[in-house]
Amino acid sequence: MSETNNKLEIKNLSKQFGEKILFENLSLTVDDPAVLWAPSGWGKTTLLRILMGLEAPTSGSVEGVGRVGAVFQEDRLCPQLTAEENVALVLNAEQYKVKIQYKEQIRDDLIQLGLDDEALALPARKLSGGQKRRTALLRALWAESDTLLLDEPFTGMDPAVMKKAAAMLKARCGTKPTLLATHDQEAIRELGWKIIELG
Amino acid sequence: MDKTKKRRIQILAASVFWLGVWQAAAAAIGQEVFLVSPVQAIGTLVELLPQAEFWQRIGFSAGRILLGFGLGVLSSAVLAVAAEKWEWVDALLAPVMQLVKATPVASFIILALVWVSGSSLSVLISFLMVLPVLYSAVRTGIGSADRQLLEMAQVFRLPLGRRLRAVWLPAVLPAFRQGCSVALGICWKSGVAAEVIGLPDGSIGDALYRAKITLSTGELFAWTFVIILLSAVFEKLFLALLDKAVAAVLGEEGAEK
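Residues numbered from 1 in each chain as written. Chains lettered and ligands numbered in written order. Predicted model: local features only at pLDDT ≥ 70, side-chain atom pairs only at ≥ 80, totals over all residues. Heavy atoms only, no water.

1. Concerning the overall build of chain A
Put simply, the test is: Put simply, DSSP marks the helices as runs of H or I at least four residues long and the strands as runs of E at least two long, and each gets a number from the N terminus on. Within these notes, the globule rule equals 2.2 Å times the number of residues to the 0.38 power, and the radius of gyration is based on C-alpha atoms. Only protein chains enter the accessibility calculation, which uses a 1.4 Å probe. A residue is then buried if its area is under 20% of the maximum for its type, exposed if over 50%, and partly exposed in between. Should any heavy atoms of two residues lie within 4.5 Å, those residues are considered in contact. Each accessible area is a Shrake-Rupley estimate made with a 1.4 Å probe; only the visible protein chains count as cover when residues are assessed. Note on charges: Lys and Arg go in the positive column, Asp and Glu in the negative column, and His and the chain ends are not counted at all. Every charge is mapped to an atom, namely NZ of Lys, CZ of Arg, CG of Asp or CD of Glu.
A count of helical and extended segments in chain A gives eight helices and eight strands. The C-alpha radius of gyration computed for chain A amounts to 17 Å, which stays within 12% of the reference 16 Å derived for 199 residues, consistent with globular compactness. Dimensions of chain A, computed from the C-alpha atoms along their principal axes, are close to 50 × 35 × 30 Å. Buried residues in chain A amount to 52% of all 199 residues. Here the analysis covers contacts within chain A between residues at least 6 apart in sequence; of these, 71% occur between residues at least 24 apart. Working note: accessible area of chain A is about 8,600 Å², and carbon and sulfur atoms make up 47% of it. Positive and negative side-chain charges in chain A, numbering 25 and 28 respectively, have mean positions lying 3 Å apart.

Rendered as structure tokens:
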């Protein structure tokens, strides 16, 4: 959760699948948290996947991503592990050596995000959609990262929980380059970040 | 009555039925050389039980056959991982595994007798018979790993140990368990068959062969019963241990699947 002065630069990025062009010659500089807003089907998820290094662009380049803390379109939690264990997976080597100590802090964070004792004892496969999403968001925040890439991180959360999650996100990410893709107007208001409008 | 209890009673009743058929057939034939009755076979087994040689033979054969199985487990895991990682290893191993699967065990035994001593034969044969089964099981498990979780592990740069515990083992262990269940039966059958042909002194296969040439059908049945029992006991023990490992990785519910 360290803060850096990293700068994420997207240069003339294009992506097309067959004949379909998702985006073309996209250039962006992200040096602090921002909301990525674009119409459905524009290719936000694909853009985030390119930034995560999971997909190759058709042309163009990306610089300064570094280590990524991510919330994917899907929760991508290990179903057999508890919420706490899922988050602890991404601790850095030093933290992992004394993970019992960090697990307490993770547990406190999860409680702060509204997971109760019963939920904390369950394997992730038995958590509700909203509980999984909160766990996935917390995992991204606990990961040692230079950039945060968050794809609809508040899906399935009720407004009260979303506000708590947004407050934690704002507090934890500081000025780190962050791209948060969402259509949730309430979340956008709550975060108060600059909006990068695409498409 | 719950389903499990009902099933057990059904199996017990079926076993009693077939023992009755066996007893009746033995009585109808009336010649021990051709077919002993279950009572006679159990009587022979009871006579063998106090003999030190009986237990030494079990130790001799079990040690070698299980060594072959253990080597098969290790090799299949290493080779399957290598084949998943490097395409050329996959291509290199594909015909070998196909060949080992398709070749009759007797051909291997006779061929192997040229290369190794009779006492090591069962190690080699059980290893060879187990290898393609477990190789295929491990590869199936690796292939079933959740691609989305693998991407997650890549993005978060999870170290190998954590990837193994969180993503790979949960995918591989259930398939590996199923493979082991099959392979344990195969290794006993093929290992003893190798001993019957290689005739290492002090082995179960040697005892089976002696029973055959002395027309001691009772001993033949008794030893056969011992092999079945050993195979079943080792399978239960090994799978129980594996289930504990699966439960530790996947949680209790994963182990039940």
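2. A look at the overall build of chain B
Along chain B, the regular secondary structure elements total eleven helices and zero strands. Starting at the N terminus and ending at the C terminus, chain B contains elements arranged as α-α-α-α-α-α-α-α-α-α-α. Along the longest, intermediate and shortest principal axes, the C-alpha atoms of chain B span 75 × 55 × 30 Å. Counting over 257 residues, chain B shows a buried share of 40%. For chain B, the proportion of contacts with a sequence separation of at least 24, taken over those separated by at least 6, is 71%. Of the accessible surface of chain B, which amounts to about 14,100 Å², a share of 68% is contributed by carbon and sulfur atoms. Of the side-chain charges in chain B, 22 are positive and 18 negative, and the distance between the mean point of each set is 6 Å.

3. What to know about the packing of aromatic side chains
The condition is simple: Only rings of Phe, Tyr and Trp enter the pairing, Trp through its six-membered ring, and a pair is recorded when the two centres are within 6.5 Å. The plane angle decides the type: under 30 degrees is stacked, over 60 is edge-to-face, the rest tilted.
A complete count under the given rule lists nine aromatic pairs over all chains for this structure. A centroid spacing of 5.0 Å and a plane angle of 20° characterise the contact between Phe 23 of chain A and Trp 42 of chain A, whose relative ring orientation is stacked. Of this pair, Phe 23 of chain A sits in strand S2 (residues 20-30) while Trp 42 of chain A sits in the loop between strand S3 (33-37) and helix H1 (44-52), and the two are 19 residues apart along the sequence. Comparing Phe 23 of chain A with Trp 42 of chain A shows no difference in burial state: the two are buried. Ring-pair connections join several aromatic residues into one group, and the members of that group are Phe 54, Trp 55 and Trp 223 of chain B.

4. Observations regarding the interface of chain B and chain A
The following threshold applies: Accessible area that two parts lose when put together, with a 1.4 Å probe and added across both, is what the buried area reports. One speaks of a salt bridge when a side-chain nitrogen belonging to Lys or Arg is within 4 Å of a carboxyl oxygen belonging to Asp or Glu. Polar contact criterion, stated in full: a pair of N or O atoms within 3.5 Å, where within protein one must be able to donate a hydrogen and the other to accept it, and residues adjacent in sequence count only if both atoms are side-chain atoms.
The interface of chain B with chain A comprises 17 residues on the first partner and 29 residues on the second. Approximately 1,900 Å² of surface area, both sides summed, lies buried where chain B meets chain A, with 55% of it carried by carbon and sulfur atoms. The three residues of chain B that bury the most area against chain A are Val 155, Phe 156 and Arg 162 of chain B, which together make up 36% of that side's buried surface. Between chain B and chain A we count two salt bridges in total. The partner of Glu 151 of chain B in a salt bridge is Arg 49 of chain A, with the nearest N and O atoms 2.8 Å apart. The interface formed by chain B and chain A contains seven residue pairs in polar contact (both at pLDDT 80 or more). Among the secondary structure elements, those contributing two or more residues to the side of chain B that touches chain A are helix H7 (147-155), helix H8 (160-198), helix H10 (217-250) and helix H11 (252-256) of chain B.

5. Considering the environment of Glu 84 of chain B
Residue and element names in this part refer to chain B. Note on placement: Glu 84 falls in helix H3 (residues 52-85). Overall, the relative accessible area of 35% leaves Glu 84 in the partly exposed class. Taking the C-alpha atoms as reference points, Glu 84 and Gly 202, 118 residues apart in sequence, are found 41 Å from one another. Residues in contact with Glu 84, not counting those within four places in the same chain, are Arg 139 and Ile 142. Separated by 3.0 Å, the side chains of Glu 84 and Arg 139 make a polar contact.

6. Thoughts on the sheet that holds strand S6 (residues 147-151) of chain A
Residue and element names in this part refer to chain A. Formally: By the convention used here, strands pair only if DSSP detects at least 2 bridges between them. Where helices are involved, their axes are fitted lines through C-alpha atoms of the stretch in contact, as for all axes, and angles between N-to-C directions lie from 0 to 180°.
Read from one edge to the other, the open sheet built from five strands follows the order S5-S6-S7-S3-S8, with strand pairing classed as parallel. The strands lining the two open edges of the sheet, one partner per strand, are strand S5 (68-71) and strand S8 (194-197). Pairs of neighbouring strands in the sheet enclose a mean axial angle of 20°, with direction left out of account. Relative to strand S7 (residues 178-181), S6 is paired through four bridges, and the arrangement is parallel.

7. Details of the nonpolar core
A general trend in soluble globular proteins is that nonpolar side chains are found buried together. Heads up, the condition is: Here, nonpolar core means buried Ala, Val, Leu, Ile, Met, Phe, Trp, Tyr and Cys residues that are tied together by side-chain atoms lying within 4.5 Å of each other.
Membership of the largest hydrophobic core comes to 81 residues, with the highest contact counts inside it found for Leu 26, Leu 47, Met 52, Phe 154, Leu 169 and Leu 179 of chain A. The leading source of residues in this core is helix H7 (residues 159-173) of chain A, at seven residues. Each residue touching Leu 26 of chain A, except ones within four places of it in the same chain, is listed here: Ile 10, Lys 11, Asn 12, Leu 13, Trp 42, Leu 47 and Leu 198 of chain A. Among the nonpolar cores identified, the runner-up in size contains 52 residues, and Leu 93, Val 130, Leu 208 and Leu 230 of chain B belong to it.

8. Overview of the pairing of S2 of chain A
Residues and elements named next belong to chain A. One ladder, built from seven bridges, connects strand S1 (residues 8-17) with S2; its direction is antiparallel. The residue of S2 that forms the bridge with Gln 16 is Ile 21. The turn joining S1 and S2, which pair antiparallel and follow one another in sequence, is formed by two residues; a positive phi near 60° is taken by Gly 18.

9. Focus on the packing of H3 of chain B against helix H6 (residues 118-143) of chain B
Residue and element names in this part refer to chain B. Under the convention used in this document: Helix crossings get a hand from a simple test, with the near helix turned counterclockwise from the far one by less than a right angle marking a left-handed crossing and a clockwise turn marking a right-handed one. Residues are grouped as follows: Ala, Val, Leu, Ile, Met, Phe, Trp, Tyr, Cys and Pro are nonpolar; Asp, Glu, Lys and Arg are charged; all remaining types, including Gly, are polar.
Direction vectors running N to C along H3 and H6 enclose 35°, while the axes themselves pass 6 Å from each other. For the element pair H3 and H6, the recorded crossing hand is right-handed. Of the residues assigned to the contact of H3 with H6, the class counts are 19 nonpolar, seven polar and three charged.

10. Considerations on the UniProt feature "transmembrane region" (unreviewed entry) in chain B
Residues and elements named next belong to chain B. What counts is decided by this rule: UniProt positions are given in the numbering used here, feature names are shortened, and annotations may be inferred rather than shown by experiment.
Within this numbering scheme, the UniProt entry marks residues 54-80 and 220-242 as carrying the feature "transmembrane region" (unreviewed entry). Secondary structure over residues 54-80 splits into 100% helix and 0% strand, and the C-alpha atoms at its two ends are 38 Å apart. Structurally, residues 220-242 comprises 100% helix and 0% strand, and the distance from its first C-alpha atom to its last is 33 Å.

11. Quick look at the UniProt feature "domain: ABC transmembrane type-1" (unreviewed entry) in chain B
In the numbering used here, UniProt assigns the feature "domain: ABC transmembrane type-1" (unreviewed entry) to residues 54-238 of chain B. With 89% helix and 0% strand, residues 54-238 of chain B has its two end C-alpha atoms placed 23 Å apart.

12. Overview of the pattern of salt bridges
Throughout the structure, instances matching the rule amount to 18 salt bridges over all chains. The partner of Arg 49 of chain A in a salt bridge is Glu 55 of chain A, and the shortest N-O contact between them spans 2.8 Å. Overall, Arg 49 of chain A belongs to the buried group, its relative accessible area being 18%. We classify Glu 55 of chain A as partly exposed; its relative accessible area is 21%. If you follow the salt bridges from partner to partner, you end up with Lys 15, Arg 49, Glu 55, Glu 74 and Arg 76 of chain A together with Glu 151 of chain B in one network.

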